[in-house]
Amino acid sequence: MTQPIFNLPVPAPGQTTKELLDAEVNRVTALLYAAIAAGGDQTAIDALVADIEAIRAAAIEATAADRIQTGLDRQAAESAAGNAATDANAQIAPNVQAAQSAAQTAEVARDGALQAAGSEGYFATVAEAEAALADGDVFWTVDAPAAEIVYYQIDSGAAVEIDGARLKAAALFDWLSRTGPSDFALPMADKDGFVRAGLRADGSFQVERLLVASDGGDGGEEISVGGARLVTSESAEFVFFFADRDGFVVAGMDETGGGLGSETGASVDVHNVAYMFTEPFDDPSQSLVLTWVSDSPGGDLMEYRNKGAGSWIGVKSQRTRKMGPLDWWLHSVAIEGLAFANVYEARFPGADLRDDFWTTPRRNPVIAAGSDFQSTRIVDAPELRLLAESIRAQGADIFLHPGDHINDDGRKAPLFPDDEIYWQRWFDYMQTLSQIMRKNGGVIPLAGLVGNHEARKADPSSDPAQAESNGSEMDGADGTIGQIEDVMSWSYWDATPTKFVDSAATISIGEDVFIVGLNTDHSEDLEPQIAWLIDQLEAAYPKYRHLIVMGHYPAFYPAEGVRNFTAPARRLRNIMYPQLEQFADKLRVYLCGHAHVFAITPPLRVLFDDTLTPEQNDERYTEDAALGIVQIGTGPLQVRPRFPERGDEASDLDGSNMFRVAMGRDESDDIAIRGPEPIENLTINDARHYWLMDFSDTQFRARGFGMHALPFFTYTKEL
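Keep in mind that this is a model prediction, so the values were computed, not measured.

Novice: Give me the lowdown on the pattern of salt bridges, citing residues and values where you can.
Specialist: Scanning the model with the defined rule gives 32 salt bridges in all. The residue Arg571 makes a salt bridge to Asp521 at a minimum N-O spacing of 2.2 Å. Taken as a pair, Arg571 in helix 11 (residues 566-580) and Asp521 in the loop between strand 29 (513-517) and helix 10 (526-540) lie far apart in primary sequence, 50 residues in all. Exposure remark for Arg571: the relative accessible area of 17% places this residue in the buried category. For Asp521, a relative accessible area of 0% gives the class buried. Across the pair Arg665 and Asp669 runs a salt bridge whose closest N-O atoms are separated by 3.4 Å. In this structure, a network of salt bridges that share partners links the residues Arg640, Arg665, Asp669, Asp686 and Arg688.

Here is the structure:
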C-alpha cells in the first residue's frame, strides 16, 4: 500500500550538507518524472539526469567533509557547500523550469475544469446542476449511499460522470466528524497520485495538485513536488492523501474507504497523551529516545520539528509497552540526526498535547546529577520541585540519576502480582520529572541507573526477612529488575547502541564528554562490567576531553548503617580503582548515590594487596593528585539524610582523609558535618542536594547545591 511520508522542503538548523543535497536529488528526480510523463524534450530530460548525478557526487563528497569537520569548521564548510548548491541550482534552473512547465501543461486540460468545480461547483443533486449549467460546465456532488464525491461535466444538457474523478469519502467524513475541518486541510488524490480535490481549513472546497507520481513500478521511488512527498509502489492503492495545514501529507486512504493513517498507513487513534520525556540514545547532542505516555496502544505516532519553524517529521513508536495494570502505554522511538543545543517541538496525531525537548551542546555541557529520591509522595513533593528550580536556574543540559527512584524494590508481576502501586509511582515520578527538568522550555534528557531499590532477589521466599525489607540482594548479581526496565530505555532497551547489560551503557556528548554507567551488583555481576568499562575508556581516552563513571554504590561509604554493603564497594575499590589510574588525568569523577550523605573525597588511590585480608585492604588508600579518583555523591534528592559517621576517617597507610567533607543529619535531625573542609552557604537545615558539573577549556568544576539553590561545596580542577 502506498505510504505517504514527510519531507523537509526548507533546510532545518543543523541539517548537514549531505542532507541538503539529498533533498536536491529528490526534487530534481521529481521534475525528471514530470518531464517524462509530459513527453518533454529529450535534451532537457538528459540534462536533468546529469544534474542528478552531479548532485549525488557532491553529496558523497559532502559526507566525507561532514565526518571530519566539527564546530565552526563544520559550519563554515556547510555554508560553503550551501553556496555551491545555490550556484548549481542557478545553473540547472532553465532545465528545471522547462520540465516543470511541460508537466503542468500536460495536466492543465484535466485539472482546469476540476479546479473551477472545486471552488464553486457543488450541487446537491444532479438534476439541479443540469438545470443550472451549460454544456462544458463541471460540477460535483455527493453520492450519499456510496459515500463518494462525484465529478460531472454537462454534455448536451445532461450530466456525464468524469472518468477517474469519483472519490470515496466514507473515512473522510468520519475523520471530519472527529477532528473538525479547522484541524486539517484535506487534499485528496486519485490512484495516480494527483490531488484532484480538497477541503480548506475553513471547510470550503478546492482543488490543488500537490503530488506528481512516478510510473508506479515496483521500484518504490520517492518523489517530491510542491512540498509533499510520496512513496510509490507496485500496489499503489491510496485514493486520498490527507495533509495538515502546512500542506504536508500525514495520512492516506485506500479505494475501499479504509486505511486512514499516518506515514505507516495505520489508524490514527483519538487518544490522550499525559506527558513525554527524553533519554540519550547515544549522543544526546544529536540522538535521543523520546517516550510519550498515551492511554491507547494505538497512540504510537509522533511528529517533531524545530521549534516554531520548518516541516513536521513523522515517526512511529519502535517500542510500545503497557504500564502494568494501569491503562497507560509507553511509546518510544529513537531519533537521530538532531541539531545540537536546540529546542524541538513535538505533537501527537490524535492527541492534544504539544511539548518541547532540548538537545545538549556538543562541547562544554552543563550536567546535573542526583540520586535517591525514594519517596512515595511524588506529585506534590516540594523538595524535588525546589531542586528542579535550582537545576533550571543553572542551565543544566542533561540529568544523570545513579539509582534509587521510587522504592519499588523490584516488586513486579508475575512474582509480585499486586504491583499497581509501584506502576502508579513510576507514572507520577516520570510525569513530575518531565514537567520540571527543562532548559529553554524543553525537557532535558534523563539517564537513570538501577539502584538497590530497583532490583529484588529472584526468589524472595529464600530469604523472608530480605523479602519483607527493601528486597535487595546485598551481594547483587541475582536480582530481578523492576519497572524501570520498562519505563526507561537508555541502557535497558536492547536497541541502545552502547548497552552492555541492563543499566550499563555509555553516553558520548560530542567529542567532549564520555560517560559510562554501571550496574553495581544489583541485577548483573559487577566484575565483567569493570572489564567492559576499561575497554570503553581505552577507546574513548584519545577522543574525549572529559571522562565520567557513575554507579549507584559508592566505593567509599560516608554514612552509618550501610557498611554491610561491603562486597560491591570492595569490588569498586580493589578492582576498578587501580585500573582507572591510567585515565586519571581525564577522569573527572566517580559519581554515585545510595549513602544518603552529601560527600566528596579527595583524589584517592587504592593500593590493593592480594596477600592481605579484605578488612586490611579496606584501609589501603592514599590521596594522590596525579593518579587518584575523586568520588562525589551520594544522594539524597528527597529522603532523609543519614549521619555522616565515617566523614572523619583516615587511611592507616599515611593518614589521608577519606572525605574532604561529608554532611547529613544527626539523631536530633540537625545538620551534622564531618571532614576537614567547610560547607558553604549553610543557611538551611537540610542536606538534600544535587551536583552540577560544568566544563570549560581550562577548568572542570563540580558544585553541590542544596534546595536553597546555593552551592554547599565547590571542587575545581585546572586542565
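Having seen it, we continue.
Novice: Give a detailed account of a negative patch on the surface, specifying residues and quantitative values.
Specialist: Side chains of Asp295, Asp327, Asp418 and Glu420 sit close together on the surface and give a patch of like negative charge. When you line up the elements, Asp418 lands in the loop between strand 22 (398-401) and helix 7 (420-436). For Asp418, a relative accessible area of 67% translates into the label exposed.

Novice: Lay out the pairing of strand 18 (residues 329-335) with the relevant residues and their values.
Specialist: The buried count for strand 18 comes to seven of seven residues, which makes it a mostly enclosed element. What you see with strand 18 is no split at all: Trp329, His331, Val333 and Ile335 on one side and Leu330, Ser332 and Ala334 on the other are buried throughout. With four bridges joining them, strand 17 (residues 319-322) and strand 18 adopt antiparallel strand pairing. Note that in strand 18 the partner of Thr320 across the bridge is His331. As consecutive antiparallel partners, strand 17 and strand 18 are separated by six residues, and within that stretch Gly324 has a phi angle of approximately 55°, a positive value.

Novice: Tell me about the sheet that holds strand 36 (residues 661-665), residues and numbers included.
Specialist: The mixed open sheet is built from eight strands, whose spatial order is 28-29-30-31-35-32-36-37. Edge positions in the sheet fall to strand 28 (505-509) and strand 37 (671-674), since each of these pairs with one other strand and no more. The average undirected angle you get between the axes of adjacent strands in this sheet is 20°. Of the pairings in the sheet, the one linking strand 36 to strand 37 comprises four bridges and is antiparallel in character. Across the sheet, the residue bridging to Gly664 is Ala672, located in strand 37. Relative to strand 29, helix 10 is tilted by about 175°, and along the sheet it contacts strand 28, strand 29 and strand 30 (546-550). Of the strands in this sheet, strand 30, strand 31 (587-591) and strand 35 (631-633) are in contact with helix 11, which crosses strand 31 at around 165°.

Novice: Account for the packing of helix 6 (residues 382-393) against helix 7, naming residues and giving values.
Specialist: With their axes 10 Å apart at the nearest point, helix 6 and helix 7 run at an angle of 30° to one another. Handedness of the helix 6/helix 7 crossing: right-handed. Counting all contacts with helix 6, which are made through Leu384, Arg385, Ala388 and Arg392, the residues of helix 7 involved are Thr432, Leu433, Gln435 and Ile436. In the contact of helix 6 with helix 7, the residues fall into four nonpolar, two polar and two charged.

Novice: Give a description of the sheet that holds strand 14 (residues 288-294) that names residues and reports values.
Specialist: Spatially, the four strands line up as an open sheet ordered 13-14-18-17, and their pairing is antiparallel. This sheet does not close on itself; its edge strands, each paired only once, are strand 13 (273-280) and strand 17. Ignoring strand direction, the axes of neighbouring strands in this sheet form an average angle of 20°. Sitting on the sheet, helix 7 touches strand 13, strand 14 and strand 17, and the angle it makes with strand 13 is about 75°.

Novice: Could you give an account of the environment of Gln638, naming the residues involved and the relevant values?
Specialist: In this fold, Gln638 is placed in the loop between strand 35 and strand 36. Here Gln638 falls in the buried class, since its relative accessible area comes to 7%. Sequence separation between Gln638 and Gly370 is 268 residues; the distance between their C-alpha atoms is 9.8 Å.

Novice: Report on the nonpolar core, specifying residues and quantitative values.
Specialist: Ranked by internal contacts, the top residues of the largest apolar core, which has 43 residues, are Met323, Met430 and Val487. Secondary-structure elements contributing two or more residues to this core are strand 13, helix 6, helix 7, helix 9 (484-487) and strand 38 (689-695). Of the residues forming this core, the biggest block, seven residues, is contributed by helix 7. Residues contacting Val487, with those up to four places away along its chain left out, are Phe277, Arg321, Met323, Leu330, Trp423, Trp426 and Met430.

Rules of the game
- Residue positions are counted from 1 within each chain, in the order its sequence is given.
- Where totals are concerned, whole chains, interfaces and linings use all residues; where local detail is concerned, this predicted model gives features only for residues with pLDDT of at least 70, and gives and counts side-chain atom pairs only at 80 or more.
- Side-chain measures were taken over the full set of non-hydrogen atoms in the model, leaving aside hydrogen atoms and water.
- Salt bridges are counted wherever a side-chain nitrogen of Lys or Arg sits within 4 Å of a carboxyl oxygen of Asp or Glu.
- Every helix listed is a DSSP run of H or I at least four residues long, and every strand listed is a run of E at least two residues long, numbered separately from the N terminus.
- Whether a residue is buried, partly exposed or exposed follows from its accessible area with a 1.4 Å probe, protein chains only, as a fraction of its type maximum: under 20%, in between, or over 50%, in that order.
- Residues form patches when they are more than 30% accessible in relative terms and have no salt bridge. Like charges link within 9 Å. Nonpolar side chains (Val, Leu, Ile, Met, Phe, Trp, Tyr) link within 5 Å.
- Method for areas: the Shrake-Rupley scheme with a 1.4 Å probe, in which residue coverage is limited to the protein chains shown.
- The positive count covers Lys and Arg only, the negative count covers Asp and Glu only, and His and the chain ends enter neither.
- All charge positions are set by atom: Lys at NZ, Arg at CZ, Asp at CG, Glu at CD.
- For two strands to be treated as a pair, DSSP must find at least two bridges joining them.
- The axes used here are C-alpha line fits, helices contributing only the stretch in contact, and every angle between their N-to-C directions lies in the interval 0 to 180 degrees.
- Residues count as neighbours in contact if any of their non-hydrogen atoms are within 4.5 Å of one another.
- Each crossing is labelled by how the near helix is turned from the far one, with a counterclockwise turn of less than a right angle marking it left-handed and a clockwise turn marking it right-handed.
- Side-chain classes follow a simple rule in which Ala, Val, Leu, Ile, Met, Phe, Trp, Tyr, Cys and Pro form the nonpolar group, Asp, Glu, Lys and Arg form the charged group, and the remainder, Gly included, forms the polar group.
- For our purposes a nonpolar core is just a set of buried Ala, Val, Leu, Ile, Met, Phe, Trp, Tyr and Cys residues, chained together by side-chain atoms within 4.5 Å.

Spatial relationships are all this shows, so hold off on functional conclusions.
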